[in-house]
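Notes for the structure review
So you can see what is in the structure, the chains are spelled out below.
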Amino acid sequence: MRRKPEGLWAWILILISAAFLVLMLIAPLAVVLTESLREGLKVFRAAISDFYAVRALYLTLEVTLVTVILNTLFGVVAAWALTRFNFRGKRLLITIIDIPFAVSPVIAGLIFILTFGRMSALNPWLQANDIKVVFAIPGIVLATVFVTFPFVAREIIPVLEARGTEEEEAAVLMGAGLFTIFWRVTFPHLRWALLYSVILCTARAMGEFGAVSVVSGRLRGKTLTLPLHVEILYDEYHFGPAFAVASLLVMAAVVILAARNLVEWLAKKERR
Amino acid sequence: MYVKITGINKRFGDFPAVQDATFTIRRGALAALLGPSGSGKTTLLRMIAGLEHPDSGDIVVDDRRLNDIAPSQRGVGFVFQHYALFRYMTVFDNIAFGLKVKKMPRAAIRQRVEELLTLVGMAGLAKRYPAQLSGGQRQRVAFARAIAPSPHLLLLDEPFAAIDAKVRRELRVWLRDMVGKLNLTSIFVTHDQDEAIEVADEIIVTNQGRVEQRGAPVELYRAPATPFVTGFIGDSIQLDNCQLIKGFEELGPVPGAVRPEFIGVFHPEAEIPYANSAIDAKVVRLAFRGDTFEVGLDLRGCPLTARYALDSRPIAVGEIVKVLVWRLYAFTGERVALVNNNCTGDHPQGYSYVI
């Protein structure tokens, strides 16, 4: 039961959480925004319209788009397979999906360096076919996909599990094909959870730093995403521009959060 | 026979869900698969529909072996326990789904769905969503959806389980009429013996994955084939030792069961037939049951339940009455024999066997 806070302790707990939020989240974000404008609007505008900044922004958007599409497909297929069919090793597979949440992103980056880099057994073949993975855009996409792939599957599996398989069985008995069943029967149940997880996945993909920084190679204008660009500006003591570009990411995060809340609200409204 | 199930086995891992199930159902019958939960009845139904595959055995409907035929080609309609209506489709689209999949022309679909809606008494509710319907209405829609593609065989999994008691009685009668009207061979699964007895023409009793007995409700009641059926169909009280009852000493120390109507209860001062076979028993409970009293008796430590006519001389709790057990079921292993009290010869008097 939710009730109005009563007594000293309730207020103290609320105060502690509020203070923590302000100190840890709101204050730093506010600092980013104020710092970005400290050297004036002119510097801000110059920083975000800088050639390299714009290239980084485009790269980030491209990588995010590809990642979200891949992970949505993978997530839906995996969730469907894991909840609709019984097979040996199913539990193990569900556990494996969570690995990216448990592994440090830096290690995820290293995995790809070892798999596709110069020391790998695949390297001669990649070279012969002129395929660049590491220190190129494919590597960045792979690293980002790896880090964010549990989002969609994790969000959908519980929805499918809770609903059971009877509706699909009814459709099978009436002779519907797999595509019709998914599109007409299963998908309507999933759409809010799917949209929600796509939003979370987008947020994480845009902001991914660790794994990408390992595989990127940091070629300015070529393999720098926004978070990496911010770091490089900062390392070069261009604090104003660094904060200005960072504020772009913050604004994107705010938009994404708003979208998430909208989706949650719409889903709740429909359930009623 | 229309439906022939022969030697079906099905295991889930180490659990034998169905063991050597064999039974038949005649054309046009409304049959019940009756058994406690975990007895394999739903698994059997799902195997007939093609939602599960038997490990061995044959499923034959209308002389066609169904084992290797795809579920949608079997000509089977299925009503799920919780109806499994498509939540995001209207009543119309739910019923039309199977017809659309079969690529029936639009106009024909519209006509068929409207015909079915009228049949199940839901005309005018075509645009509703399942969430806007009562339990009974959902059941009707599920029924209409199952019969829309004109199946030869209708399967229903616990069709009344999700409905409250009052509506359930109505729906039982409704289902009976509906299936009768369509002359559609139907099998429904239930764990409720009253439901099976009231609705079905034939009952197949399952227990622990095996078919215990198949027959008309009256046959099962009158001549149960196994101790399980004796206990499961109708009221009966288990006896650990039939010898304890006067008139059955020659049976030996075998277990058995008695039905309430097998027991005569007499006022202590009443004139009774076969007085020397009567036993004293104490009345421990007396409950008014409309047309009779239900009497709880303590017969030498053995609890019995009997009936006592309303117009007989009144008896009271605590009183010692005379009891005559006319007949009982004696169990020898898995077999059941109906045995008369030896005082009566083979013609019990003062006792009429009414079902």
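Small disclaimer: the values here were computed from a predicted structure and weren't measured. (Residues numbered from 1 in each chain as written. Chains lettered and ligands numbered in written order. Predicted model: local features only at pLDDT ≥ 70, side-chain atom pairs only at ≥ 80, totals over all residues. Heavy atoms only, no water.)

Moving on: the overall build of chain B. From N to C terminus, chain B includes eight helices and 19 strands. The principal-axis extents of the C-alpha atoms in chain B amount to approximately 80 × 45 × 35 Å. Looking at chain B as a whole, 51% of its 355 residues are labelled buried. Long-range contacts, defined as pairs at least 24 residues apart, comprise 65% of the intrachain contacts of chain B with a sequence gap of at least 6. Charge centroids of chain B, computed over 42 positive and 39 negative side chains, lie 9 Å from each other. (Helix = DSSP H or I, 4+ residues; strand = E, 2+ residues; numbered from the N terminus. Buried < 20%, exposed > 50% of the residue type's maximum accessible area, 1.4 Å probe, protein only. Contact = heavy atoms within 4.5 Å. Lys, Arg positive; Asp, Glu negative; His and termini not counted. Charge placed at Lys NZ, Arg CZ, Asp CG, Glu CD.)

So, about the packing of aromatic side chains. Across all of its chains, the model carries 20 aromatic pairs over all chains by this definition. Judged by centre distance (6.3 Å) and plane angle (5°), the ring pair of F112 of chain A and F116 of chain A falls under stacked. With a gap of four residues between them, F112 of chain A and F116 of chain A both fall in helix α6 (residues 105-116), about one helical turn apart. A relative accessible area of 11% places F112 of chain A in the buried class. Here the aromatic rings of F112 of chain A and F146 of chain A are separated by 5.8 Å at their centres, their planes lie at 85°, and the arrangement is edge-to-face. Of this pair, F112 of chain A sits in helix α6 while F146 of chain A sits in helix α8 (residues 137-148); the two residues are 34 residues apart in sequence, bridging distant segments of the chain. In terms of burial, F112 of chain A and F146 of chain A fall into one category: buried. Following the ring pairs from residue to residue traces out a cluster consisting of F74, F112, F116, F146 and F149 of chain A. The ring of W174 of chain B carries R140 of chain B above its face, with NZ or CZ at 4.8 Å from the centroid. (Phe/Tyr/Trp six-rings, centres within 6.5 Å; stacked < 30°, edge-to-face > 60°. Lys NZ or Arg CZ within 6 Å of the ring centre and 35° of its normal.)

Right, let's talk about the sheet that holds strand β4 (residues 56-61) of chain B for a bit. Residue and element names in this part refer to chain B. The strand order β2-β1-β4-β5 describes an open sheet built from four strands, whose pairing is antiparallel. Only two strands of the sheet have a single neighbouring strand rather than two, namely β2 (15-25) and β5 (64-65). In terms of strand pairing, strand β1 (residues 3-12) meets β4 through five bridges, oriented antiparallel. Residue pairing for β4: T6 is matched across the bridge by D58. This element, helix α1 (residues 41-49), spans β1, β2 and β4 of the sheet and lies at about 115° to β1. (Pairing = 2+ DSSP bridges. Axes fitted to C-alpha atoms, helices over the stretch in contact; angles between N-to-C directions.)

Turning next to the interface of chain A and chain B. Contacts between the two partners involve 17 residues from chain A, matched on the other side by 21 residues from chain B. Across the chain A/chain B interface, buried area totals approximately 1,800 Å², and carbon plus sulfur atoms make up 67% of it. Contact with chain B buries surface across chain A, with E166, L173 and M174 of chain A losing the most and accounting together for 41% of the total. Salt-bridge contacts for E169 of chain A lead to R46 of chain B; the nearest nitrogen and oxygen are separated by 2.6 Å. Contributions of two or more residues to the side of chain A that touches chain B are made by α10 (166-173) and α11 (178-207) of chain A. Top element by residues in the side of chain A that touches chain B is α10 of chain A. It accounts for seven residues. Of the residues belonging to the side of chain A that touches chain B, the class tally is eight nonpolar, three polar and six charged. (Buried area = accessible area lost by both parts, 1.4 Å probe. Salt bridge = Lys/Arg side-chain N within 4 Å of Asp/Glu carboxyl O. Nonpolar A, V, L, I, M, F, W, Y, C, P; charged D, E, K, R; others polar.)

All names here are of chain A. Taken together, the buried positions of helix α4 (residues 90-97) are occupied by K90, I94 and I97. Seen from one end, α4 has its buried residues packed into an arc of 55°, which puts them on one side. Among the exposed residues of α4, those pointing more than 90 degrees away from its buried face are R91, L92 and T95. (Arc of directions from axis to C-beta.)

We now examine the pairing of strand β8 (residues 185-190) of chain B. Residue and element names in this part refer to chain B. Here β8 lies mainly inside the structure; six of its six residues are buried. Strand direction decides the pairing type here: strand β3 (residues 30-34) and β8, joined by five bridges, are parallel. Within β8, the position partnered with L33 by the bridge is V189. Sheet topology note: the strand β7 (residues 153-157)/β8 ladder contains five bridges and is parallel.

What follows is about the pattern of salt bridges. Under the criterion given, the structure shown has 31 salt bridges over all chains. Note that E236 of chain A is salt-bridged to R220 of chain A, the shortest N-O span being 3.0 Å. Of this pair, E236 of chain A sits in the loop between α13 (226-235) and α14 (239-271) while R220 of chain A sits in the loop between α12 (210-216) and α13, and the two are 16 residues apart along the sequence. As a salt-bridge pair, R289 of chain B and E294 of chain B come within 3.2 Å of each other at their nearest N and O atoms.

Positive phi is not limited to glycine here, since K103 of chain B has a value of about 60°. Relative to the helices and strands, K103 of chain B is located in the loop between α2 (91-101) and α3 (106-119).

Quick look at the pairing of strand β19 (residues 335-340) of chain B now. Pairing geometry for strand β18 (residues 327-332) of chain B and β19 of chain B, over six bridges, is antiparallel. Within β19 of chain B, the position partnered with L328 of chain B by the bridge is V339 of chain B.

Let's shift gears to the side chain of T186 of chain A. Residue and element names in this part refer to chain A. Mapped onto the fold, T186 is located in helix α11. Relative accessible area serves as the criterion here: at 0%, T186 is assigned to the buried category. Polar contacts involving the side chain of T186 include one to the side chain of E168, which spans 2.6 Å. If we ignore the near neighbours within four places in the chain, the residues touching T186 are W80, L160, R163, E168 and I181. (Polar contact = N/O pair within 3.5 Å; in protein donor to acceptor, adjacent residues only side chain to side chain.)

Here the focus is the environment of A281 of chain B. Residue and element names in this part refer to chain B. The topology assignment puts A281 in strand β14 (residues 279-288). With 137 residues separating them in the primary sequence, A281 and A144 have C-alpha atoms 55 Å apart. Aside from chain neighbours lying at most four places away, what touches A281 is L297, D298, L299, E319, I320, V321 and V323.

Time to look at the confidence of the model for chain B. Overall, the prediction assigns chain B a mean pLDDT of 90, with 97% of residues at 70 or greater. In the model output, the complex is listed with pTM 0.80 alongside ipTM 0.80. (pLDDT = per-residue confidence, 0-100.)

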